[in-house]
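# Summary of the model geometry
The residues making up each chain are set out below.
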Amino acid sequence: MTQGFALTFDKPQIVSCPWAAEAVRFCNLFKNMIWPSGWRSLTAHNCWDMSVRPAEEERHVRANDRDYNERFSYADNCIKTAKYNVFTFLPINLFEQFQRFANAYFLVLLILQLIPEISSLSWFTTIVPLVLVLAITAVKDATDDYFRHKSDQQVNTRQSQVLIKGKLQIEKWMNVRVGDIIKLENNQFVAADLLLLSSSEPYGLCYIETAELDGETNLKVRQALTVTSDLGDDVARLADFNGEVICEPPNNKLDKFTGTLYWEDNKYPLDNEKMLLRGCVLRNTEWCFGLVIFAGLQTKLMQNCGRTKFKRTSIDKLMNTLVLWIFGFLICMGIILAIGNTIWEQSVGSNFWAYLQWKQLTINAILSGFLTFWSYVIILNTVVPISLYVSVEVLRLGHSYFINWDRRMYYSPKDTPAEARTTTLNEELGQVEFIFSDKTGTLTQNIMVFNKCSINGKTYGDVYDEFGHKVDITEKTPCVDFSFNPLMDRKFRFHDSSLVEAIKLEEPLVQEFFRLLALCHTVMPEERNEGELVYQAQSPDEGALVTAARNFGFVFRSRTPETITLYEMGQAVTYQLIAILDFNNIRKRMSVIVRNPKGQLKLYSKGADTIVFDRLDPSNEELVFTTSEHLNEFAGEGLRTLALAYKDLDEDVFDEWMKKLLFASTTLDNREEKLGALYEEIEQGMMLLGATAIEDKLQEGVPETIACLTLANIKIWVLTGDKLETAMNIGYSCNMLRDDMDEVFIISGHTMLEVQQELRTAKERIMVPSGEKFSSGLDMEKTELYSSDSVFEETIIAEYALIINGHSLAHALEADLELILVDVACLCKTVICCRVTPLQKALVVELIKRHKQAVTLAIGDGANDVSMINTAHIGVGISGQEGMQAVLASDYSFAQFRYLQRLLLVHGRWSYHRMCNFLCYFFYKNFAFTLVHFWYGFLCGFSAQTVYDQWFITLFNIVYTSLPVLAMGLFDQDVNEQYSLRYPNLYRPGQLNQLFNKRKFFTCTLQGVCTSFILFFIPYGAFMTAVRDDGAHISDQQAFAVTIATSLVIVVSIQMGLDTNYWTAVNHFFIWGSLAVYFAILFALHSDGIFTIFPNQFPYIGTARNSLNQKIVWLVILLTTVVCLMPMVAVRFIRTDLYSTHTDKVRLLQQATRRQGPQEKNLRRVRRTSSRRSAYAFAHQQGYGELITSGKNMKVPTSSTSTYPLSSPSRGPADTNLVKNTSNAEETTSITSRFRRESDQNQEVTVEDLEAR
């Protein structure tokens, strides 16, 4: 590998030179001193990519040789996500803030105000609000960065045992280097990406939990090379280990690793089964040693964090456009007034030059117009108020705290509140159109429960009352007493006591049923204390079946490669394990062949019912019919089902079969196919025992939440790494898939042409429900063009679902097919993508963002969801059983999926409603405030004289009107939370962006312009001839200014009251308090006392007192207020009465029922009537039979081997991967039929209907 360094901005470039290593060390020192966190990749949550890093095509790592490894300048194990330090905070933060257009604009204004020739306002009118904005933003950024520093420190200071100079030393994670050998102990996190060298388990095996990486909580097995596993825990031998690893460079592929170990003149291939990745947890392994291959930001965990994108709401983007428009409008007003000044100076002003005591006439009309332009730019700058940005930040911060404080989103079992991890996206929560959800741990609990079973044609698991009626099982339903079994699992719950009675009566088939469950599996037992059994299962559902057998008296106690020991009703019974016919995705079943203590040969099998039924003896026909009915009933409740069967084997037939098996296991050609055929042969003619029904418990409230969000016109797509059947079963459990759907399209093509044809066929069937085919290419083109319109999506009444496999999705995401994929998917009610990679999840989200221009939300709970969370407009992390990686990358986090409903329909909708009303009001009041100067310019010779005094201009936005609008933006509610949840269609205006858009902006600014016109010209016309009570003239400029200012404050305050839907004590206090503060400050500024102290700043003594004690002034104020407000009141009344929106109707209902109190709409639980039965409920990949029969995973090694060959002799123990599989369950729920009808009919509910209900 070429050594060198690269100062990179995009892709690393190799610069080979002899002083490269010294240069790298200097650059690293320089970056730590000057820019400690800026020179890093964006994967470390930073805004710049200026990393000093070596360009590598392959990695060279030598064990126990730091000097050698430091030549390559590999990343250390220190994680830095903070942006600033004490020295760099101020310059970098100010630089970032002045990149915002508004801040830079006001800085330019401040500079202009320092020029006496053009400034008619004092500099403090701009610097006070500007400093306030910069300070508030800086404090917020500093607080955020402090918590990043704290988080970094917490991770970097974790401790690990590192082998240094022949001794194990305690070191912080940040001090671990590539090439170090570190020791891990049970339940410790893996500090870096390690090559497993040895472990406490036989054959160098160790068990890890990868929840932080892929969201899977079941254990996986890793195995060290034989040559390194012999090192054991001998520190001296490990210190002498000098092997060199040459491997792939850092990448984000969690399931792939390619490398070679060179040691003692030999080379050994390395793959992912020998790696322990950062973020994993060592489980059930006393200790292990590993060699650090990747550290810090180059670990696969950090490489999968993706680029942290700066997320901005659609309102933010619109605001930038509007600010530019307002700035253009400001320039136009400045030009108009400058032209007016030029004309006035030439025609009128020149007549007065002789009276001006200038020593030298240095001004002409054109120069005067030019200077006047800049003067009016300064005066009229408040149309773009800097206080707007401060107020927006305060509102967003308040909305975030409301989410954090919501007790109804607090999950008490784990003491987990909801958390808004960002303050910039709250109003975007009210505009979501697409939700992309992970499955395992997000929709489900990933907890398998043995729910029901059918044994010899009789079902068990239901509870009946004394009249023989079935009753619903609740938390209060009494459980079966398992006290007869001292080895029971105390967490196991079962409610049908008749099954226990059958066990106690020693019914043969019932005992054989549970004996099968206790024998036919690949579970590993661990007995920590006497009688304290812990099962390590390949999949959670397999563990649930063995646990069920344990509680019913058939306890799986221990196993060796050749035996299985059970405790059957308290008696130890040992079975000889002869062979395991392992599971794979083609067989969809698993069988074991055992010899019982009586010497009888038995074959026990379990698998998908359709597979097992085909291999039964014909005498089972009647039992098959009965069991099938039971299976349909179980499937209708969303339970995962398996069929169980057994067979008594004849010794002679079995010996002959074993000879064939021995021959097939040694053949080189088509070994797997030949073994499969032999397995098929021995599994014929079995006898049916019954079936099991396992519940993969959905999280509480998932079906209700999905139903409610669907009624809010939010499309929910499930993106999961699980197999097709598992994903479909969860879809049925959640009621996303139903039997009454018109069609479910499954896209599973392996080539681009196959996928294209399947997508086109699906589109044709949706477009032509009658089944007619397109007659010509022209028809197809027209139909495709028509279907791309979102209006067509609304016209589709039929319900379709699209399910697409990961390999098919890879083709569908190509540029040639992505458009038709988007069209078909958006025409379907439900979309499920299964077997997708983390990258594909992000690509699907990006596809919708790009083509639909819709707000997207991604929700997940594992590290495999991080890229999707980062890509979506809004990322939500579930803090569940699968680690915190998704939470750390998310914008919002909580503990249960059901809280998403409240986050969107309550907090999101309120935030959007409040922010839109706030912006409309803010632009209205500032146009009304500012444009008075524009009208005044035509009557003051375009002299850039202000109407108001400077203190009123300074205080108007930050004192007189700031708190009332903040109160409205924080507390206003159009309808309360109960009605927000009861009528999901209220969410629709946010999706359509109806409450604040360009049209709304023009409407509110036009209202502001008209108000400013009335505010100026009514007092102007009235004061033309008005006199005081004593006959003196009243129309001096200061009295005129006080009258307009008072009218303005009263008008905007009353307008605020009209805009407020939900009054609180805070609203009353701020509105009426602001009026009181205005009058208090007004009289104080015009008082004798303040003139005595500051005579130059406050020269207008008694102006307020002399003006406001006149009746004519108050009459003018009253007339101005009425004329300003009455048109708007009339328009709103007519619009609400004649063109009422759905929100108006619900608000009317709320007001009508307020005295009665809110009445929650009852939700009734319904059983899903699906005839579809789930598939095999075990591992996604091939099972662990060979590893068990080899004995390599046993605590006590044995020299003996199994007498008979393994299920798949071609596979080694390293070719195993315990992968979780979730099965769907839970009785699904739906909203009442009346509720659905309302929403399906666009929720156009009349007031009469609402009142009648």
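So, here's what we can say about the structure. A quick note: this is a predicted structure, and the numbers were derived from the prediction, not measured.

## With respect to the overall build of the protein
- Per the secondary structure count, the protein includes 44 helices and 39 strands.
- Taken over 1253 residues, the protein has a buried fraction of 58%.
- Here the analysis covers contacts within the protein between residues at least 6 apart in sequence; of these, 75% occur between residues at least 24 apart.
- Within the structure as shown, the protein displays about 53200 Å² of accessible surface, and the carbon and sulfur contribution to it stands at 56%.

## Here we look at the packing of aromatic side chains
- Scanning the entire structure with this criterion turns up 60 aromatic pairs.
- Aromatic side chains Tyr 960 and Tyr 1078 sit 5.2 Å apart centroid to centroid with 90 degrees between the ring planes, which places their arrangement in the edge-to-face category. Pair noted here: Tyr 960 is in helix α31 (residues 950-960) and Tyr 1078 is in helix α37 (residues 1065-1085), with a separation of 118 residues, a long-range link. In this structure, Tyr 960 and Tyr 1078 share a single accessibility class: buried.
- Ring geometry for Phe 1016 versus Tyr 1020: centroids 5.7 Å apart, planes at 10 degrees, classification stacked. Separated by four residues within a single helix, Phe 1016 and Tyr 1020 lie in helix α35 (residues 998-1023), roughly one turn from each other.
- Every member of this aromatic cluster is reached through a ring pair, and the members are Phe 934, Trp 935, Tyr 936, Phe 938, Phe 942, Phe 1013, Phe 1016, Phe 1017, Tyr 1020, Phe 1023 and Phe 1040.
- The cationic tip of Lys 925 hangs over the ring face of Phe 922; the distance from NZ or CZ to the ring centre is 4.2 Å.
- Sitting over the ring of Tyr 979, Arg 982 keeps its end group 4.8 Å from the ring centre.

## Some details on the pairing of strand β7 (residues 193-199)
- Along β7, seven of the seven residues are buried, which leaves the element largely enclosed by surrounding structure.
- Note: β7 against strand β13 (residues 275-276), two bridges, orientation antiparallel. Across the sheet, the residue bridging to Leu 194 is Leu 276, located in β13.

## Observations regarding a nonpolar patch on the surface
- Taken together, the side chains of Ile 1054, Leu 1058, Leu 1115, Leu 1118, Val 1122, Met 1126 and Val 1129 present a nonpolar region at the surface, about 580 Å² in accessible area.
- Looking at the nonpolar patch, the elements with two or more residues in it are α36 (1037-1059) and α40 (1111-1138).
- At five residues, α40 tops the list of elements feeding residues into the nonpolar patch.
- Position of Leu 1058 relative to the elements: it lies in helix α36.
- Leu 1058 sits in the partly exposed class, given a relative accessible area of 37%.

## Some remarks on the environment of Thr 422
- Note that Thr 422 resides in the loop between β16 (419-420) and β17 (432-437).
- Taking the C-alpha atoms as reference points, Thr 422 and Lys 311, 111 residues apart in sequence, are found 9.7 Å from one another.
- The contact partners of Thr 422, leaving out residues within four places of it in the chain, are Ser 400, Asp 891 and Tyr 892.
- Engagement of the side chain of Thr 422 in a polar contact is seen with the side chain of Thr 424, the distance being 3.0 Å.

## Examining the sheet that holds strand β3 (residues 59-62)
- Pairing is antiparallel in the open sheet, where four strands are placed in the order β3-β10-β11-β12. Each edge of the open sheet is held by one strand with a lone partner, namely β3 and β12 (266-270). The average undirected angle you get between the axes of adjacent strands in this sheet is 20 degrees.
- Where β3 meets strand β10 (residues 244-247), four bridges bridge the pair, whose relative direction is antiparallel. If you follow Arg 59 over to β10, its bridge partner there is Cys 247.

## As for the nonpolar core
- Counting 96 residues, the largest nonpolar core has Phe 918, Leu 919, Phe 923, Tyr 948, Phe 952 and Leu 1048 as the members making the most contacts within it.
- Broken down by element, this core gets its largest block of residues, 18 residues, from helix α30 (residues 899-937).
- For Tyr 948, the contacting residues outside a window of four places in its chain are Ala 928, Phe 929, Val 932, His 933, Ile 953, Ala 1041, Ile 1044, Ala 1045 and Leu 1048.
- Within the second largest apolar cluster, 54 residues are counted, among which are Val 500, Tyr 575, Ile 694 and Ile 1188.

## Digging into the packing of helix α26 (residues 818-827) against helix α27 (residues 838-852)
- Put simply, α26 and α27 touch, their axes get as near as 11 Å, and they point 90 degrees apart. Classed by the angle they form, the pair α26 and α27 counts as roughly perpendicular. Facing Glu 818, Leu 819, Leu 821, Val 822 and Cys 826 of α26, the residues of α27 in contact are Leu 847, Ile 848, Arg 850, His 851 and Lys 852.
- When grouped by side-chain class, the residues that make up the contact of α26 with α27 number six nonpolar, one polar and three charged.

Reading the values: rules and limits
Residues numbered from 1 in each chain as written. Predicted model: local features only at pLDDT ≥ 70, side-chain atom pairs only at ≥ 80, totals over all residues. Heavy atoms only, no water. Helix = DSSP H or I, 4+ residues; strand = E, 2+ residues; numbered from the N terminus. Buried < 20%, exposed > 50% of the residue type's maximum accessible area, 1.4 Å probe, protein only. Contact = heavy atoms within 4.5 Å. Areas by Shrake-Rupley, 256 points an atom, 1.4 Å probe, with all protein chains shown as cover. Phe/Tyr/Trp six-rings, centres within 6.5 Å; stacked < 30°, edge-to-face > 60°. Lys NZ or Arg CZ within 6 Å of the ring centre and 35° of its normal. Pairing = 2+ DSSP bridges. Patch = residues over 30% accessible without salt bridge, like charges linked within 9 Å, V, L, I, M, F, W, Y side chains within 5 Å. Salt bridge = Lys/Arg side-chain N within 4 Å of Asp/Glu carboxyl O. Polar contact = N/O pair within 3.5 Å; in protein donor to acceptor, adjacent residues only side chain to side chain. Axes fitted to C-alpha atoms, helices over the stretch in contact; angles between N-to-C directions. Core = buried A, V, L, I, M, F, W, Y, C linked by side-chain atoms within 4.5 Å. Parallel < 35°, antiparallel > 145°, perpendicular 65-115°, else oblique. Nonpolar A, V, L, I, M, F, W, Y, C, P; charged D, E, K, R; others polar.

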